[in-house]
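One letter stands for each residue in the lines below.
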Amino acid sequence: MTGLIMVGGVSIIVAVFFIFVFIAFKIMPLFRAAEVSEAQTFVVPDKGILSFGVDESRQMLYVLTEAGDLYFLPLAEEGGEVPAFTVDAGLAGDFELHSFYHDLQRDRFVLTSNDGRVQVKEIRFTQDFSGGTANPVVRPSINLLPEVRLGTENRPAFGAVYSAGDRQRLVAALQETGDGRTTVRAAILTQRRTPFGPGPLQIGAQADLLDLLSGEPKQILALGTGDGLVVAYTDGRIEFFSINAQAETRRVQGFDPFAERTGASFSRMEFILGDQTIVFFDETGYHVAWNLAFIPEEARRLFIPSKTFDDLPGPLESFAPSRRNKTFLVTSGNFARLSLLTTMATRWQANLDFDIHQAIIAPRYDALIFLDTRSRLHIKEMVDDHPIAGFTAFFARIQYEGRPGRIWDWQSDGGADFERKLSMVPLMIGTLKGTVYAMFIAVPIALLSAVYVSQFLRPSLKRVVKPTMEIMASLPSVILGFFAGMWLSPIISNAVPSVMLAVIGIFVGALITGLVWTRLPKHIRLRVPTGWEFFFVLGPALFVAFLGWQFGQVVENWLFVQYDESLGRDVGSFRMWVVQVLGWDFETRNALVVGFAMGFAVIPIIFTISEDSMSNVPNAFRSGSLALGASRWQTAMRIVIPTAAAGIFSALMIGFGRAIGETMIMVMATGNAVVQDFNPFTGMRTLSANIAVEISEAEQNGTLYRTLFLCAFILFVFTFTLNTFAELLRQWLRKRYRAVE
Amino acid sequence: MSHSFQTKVQARSAAEKEPSTQPDFIQVRDFNFYYDGHKQVLFDLNLDIPKQKVTAFIGPSGCGKSTLLRNINRMNDLIDGIRHEGDITIDGHSIFDPLLEVISLRKRIGMVFQKSNPFPKSIYENIVYSLRVAGRNRKAELDEVVERSLRGAALWEEVKDRLQESAFGLSGGQMQRLCIARAIANRPEILLMDEPCSALDPIATGKVENLIHELKKEFTIVIVTHNMQQAARVSDRTAFFYLGKLIEYDETEKIFMNPGNPQTEAYVSGRFG
Ligand SMILES: Nc1ncnc2c1ncn2[C@@H]1O[C@H](COP(=O)(O)OP(=O)(O)OP(=O)(O)O)[C@@H](O)[C@H]1O
Ligand SMILES: [Mg+2]
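Asks: Please clarify how the nonpolar core should be interpreted in this entry.
Replies: What tends to happen in soluble globular proteins is that the nonpolar side chains get buried as a cluster. All names here are of chain A. Formed by 254 residues in total, the largest nonpolar core has its most connected members in Ala172, Ala597, Ile606 and Ile665. With 16 residues, the single largest contributor to this core is helix α10 (residues 591-615). Both of domain 1 (42-310) and domain 2 (425-736) provide at least three residues apiece to this core.

Next up, the structure:
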């Protein structure tokens, strides 16, 4: 028999340990850096390569040569020379290539000529799976946009950019002027809609920013929306201009990203995926990121400083953003580093054994590809499944794109224009909030009733009350959550003062009746049999609570009068008062509702266990105390509760554990919005509810999937620490109030 | 009349007691007692217990000695479904008077249980418990009460250096004497003892018996015991119960030397069922 118990106990410990290990294994990959393998090397023909890119399936390279030609290089076998072919007619005879801009996110070259023309070439790959092999046949093609001629002087243009926003398309470039200065010229491209689809692109209004510029421009970038230009001056200052469909240009903002570095001079700036953030490099390898953010005071989007990265060992030579996530690859000499914008984390870095001419991140974020200065191509396979995860992402305040300020936030569905936000902190706060409100309501009620039932109620009534409570404990929480969300939340939210007054009314009513009771003449008082007093208190208490409920409306119409715009008159509304006067948020499914519903789930547990432990206090103690002339209340307070302290404490802890892990009530009775405050009128998102809500979105072994395991792990750690601490305290209490054997 | 009783209670607990002129301090009259509404365990008891004497209740197990004892301080009130007929008076006042508060009754009556039941508190706090619940918290007074009660229970010398330690650290005999000290701390008039020595060894028993001799100078003591020698040694009067009925009640000497009832004789001489 004891052997059986041993086996049972040990296997429980083993099972818990196994779960722990399992969860730990699931979350470990989140904290791994990128793994980059040894390189696979190809020799590419030396045609004077300016820049290269690669298709999705990494079968075909495309390169731009100094002569302005585009070549395609199928990557077949390692080591061998790669044959080159072209599908490009090349540049028109009079287009002398002066500069290029390679948009790696979109496989697009923006080329400029010596006489002020701009050409945009977009490389397209089609994948043909008809061959039946795993690897499709890749067929390249080139899309040539209409040529734009900037200005009228036919002077050399350089640093051209092209942006195709949803509403506006923009071509812009730097151009020399006759008097030796440099200006910025921009042209709007228009496209008419025809019944047969979009018509051909046409060149619309043009702008010359010369009068707006405040220095010698060195590089420009066009916002992804096509309605803004960022101009960098040689001295490192940046100016941000807006441009509309009529090519009217206005200066929006000016700033200096290198203000902290004296004497720094500008070298380059590039967008990160999503075109919300620009990384600025100076000539020493120092680089910082600024992102667009909506500034409420200004009611518009401006650039604000967001991130600083570790310096590169030397000046930047090559930059490549990922088109999958917000990482970017930078190189200097033989040094290469893969950084993540969001957390500023270095995913990988190394000194390679060749000098890097250019490096790119493979489109699927599964390899890093380097072209060295001796025309050799090195492909390094990479495994980095969870680039955005990590301690910083989970626990630190982060400045996200789009809004100012460093915050903790959870928003699992990220994308190009939307950073994934995976902070555990608001979920932990939400968990604590839900638990605190639940305990706030449950503990006084449960403990007081346990004291009452165990110490004062007639045993015959107790035999009815206890099983009732136990049935309550077995109510499925989904039912409680359903009731709370559907029925209770509108009632509570529409009548907060009534609810408050009713709750206060119960206590006040009970207290007043109690006072009146003690003042009653003895001959009335002593006629009520011991243990039945409850019913003489219950009636008046309920009556006062009812009065409180009724009076709530009066109070609302009296103290909380607010002007209702939709009705056009003053109304008494506590809800509007909270929003307008206190400036707090108010949700229908809020922490109060959760408190009540969770209270329902937790009260029976705390009640049952603490009532048991109080009833289990040896009767000898009780009769000893009573025989010494103590009242029942004194006996309860001085003898029973201290002796049962360990059990009462366990009850609280088990209730706490239930509240912390409770899921269905949380999911159903709150709006599950991520909050970080303890406002009673907003809901919360708890760790457990988060798992339940997000589980359907989580792709197996994906970042979200593992992050949900992290939620579970934190919950586990929460309860584990809590229980350990509680057990220690309980042991101490038990020793202190040990009953005599 | 209830008033006079009340004031007397208060006056007594504070002031020294003057010897009562009334010999029959506790009077039990035509007393019937029922558990669970109908299960009668005491039948038509009539019994006078004199002041500042030791009265012993003896009788076979289950005959109702404890039930009668617990009625005297109304500890039976805690039990559901009890009922009684007849009356018990102390100093001429009924303890069942609806206008009498049980708490003030119990303050006049100390009780020592069969199994020692110190509270899970320090020795000191155990003793002063009855004062604290009466709202008396003056340190000087408490200190004085602790010493007096412990001396009264012949325990002072043994524990005076460890008053703040847990009462559970005491031996069984010490614990029982602690419970006696606790019962007399608030100077009750009556001390009820339900088999106080049944869990003790002969030496500890001896100490408690000596103690009872001392205590009867001050208190009216009622003791339930199964030990005939003990009854003979400590008590002045002895009542013999059988099946809920009072069979014989007389001077202890008479009961043991010359019982008037054959059942009594059989019981005290150990020839009983
Ligand atoms: N709480 C109770 N409910 C019902 N019956 C009880 C209760 N307490 C005692 N009795 C019954 O009342 C009778 C008298 O019990 P009591 O404890 O007074 O006997 P006693 O003389 O003290 O016996 P002992 O010498 O064994 O202590 C017994 O038959 C017992 O079963
Ligand atoms: Mg007994």
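Asks: How should the site of ligand 1 be read in this particular structure?
Replies: All names here are of chain B. Near ligand 1, the surroundings consist of Tyr35, Asp36, Val41, Ser61, Gly62, Cys63, Gly64, Lys65, Ser66, Thr67 and Ile79. Per-element accounting of the shell around ligand 1 gives the leading share, 3 residues, to helix α2 (residues 65-72). A class-by-class count of the residues in the shell around ligand 1 yields 4 nonpolar, 5 polar and 2 charged.

Asks: So what exactly am I meant to see when it comes to helix α5 (residues 477-494) of chain A here?
Replies: Two residues of an α-helix separated by three or four positions point the same way, owing to the 3.6 residues in each turn. Residue and element names in this part refer to chain A. Between its first and last C-alpha, α5 extends 24 Å over 18 residues, near the 26 Å set by a 1.5 Å rise per residue. Along its length, α5 shows its largest kink, about 50°, at Leu488, and proline Pro490 lies within four residues downstream of that point. By the burial criterion, the buried members of α5 are Ser477, Leu480, Gly481, Ala484, Gly485, Leu488, Ser489 and Ile492. As for α5, its buried residues are in contact with α6 (496-519), α10 and α14 (664-669).

Asks: Where do I start with the packing of α5 of chain A against α10 of chain A in this structure?
Replies: When two helices pack together, their arrangement is given by the angle between the helix axes and the distance between those axes. Residue and element names in this part refer to chain A. Packing of α5 against α10 brings their axes to within 9 Å, and their N-to-C directions diverge by 145°. Crossing of α5 over α10 shows right-handed handedness. In this structure, α5 uses Ser477, Leu480, Gly481, Ala484, Leu488, Ser489 and Ile492 to contact α10, whose residues at the interface are Leu592, Val593, Phe596, Ala597, Phe600 and Ala601. Grouping the constituent residues of the contact of α5 with α10 by class yields 10 nonpolar, 3 polar and no charged.

Asks: Can you help me understand the domain arrangement of chain A in this one?
Replies: In many analyses, interface size is given as the accessible surface area lost on bringing the parts together. Taken as a whole, chain A is organised into domain 1 (42-310) and domain 2 (425-736). Put simply, the middle of domain 1 of chain A and the middle of domain 2 of chain A, counted by C-alpha atoms, are 61 Å apart.

Conventions and cut-offs
Residues numbered from 1 in each chain as written. Chains lettered and ligands numbered in written order. Predicted model: local features only at pLDDT ≥ 70, side-chain atom pairs only at ≥ 80, totals over all residues. Core = buried A, V, L, I, M, F, W, Y, C linked by C-beta atoms within 7 Å. Buried ≥ 20, exposed ≤ 12 C-beta atoms within 10 Å, placed from the backbone. Helix = DSSP H or I, 4+ residues; strand = E, 2+ residues; numbered from the N terminus. Domains from an automatic or database assignment. Near = placed C-beta within 6 Å. Nonpolar A, V, L, I, M, F, W, Y, C, P; charged D, E, K, R; others polar. Expected span 1.5 Å × (residues − 1). Bend = angle between axes of the 7 residues up to and from the residue. Contact = placed C-beta atoms within 7 Å. Axes fitted to C-alpha atoms, helices over the stretch in contact; angles between N-to-C directions. Left-handed = near helix turned anticlockwise from the far one by under 90°.

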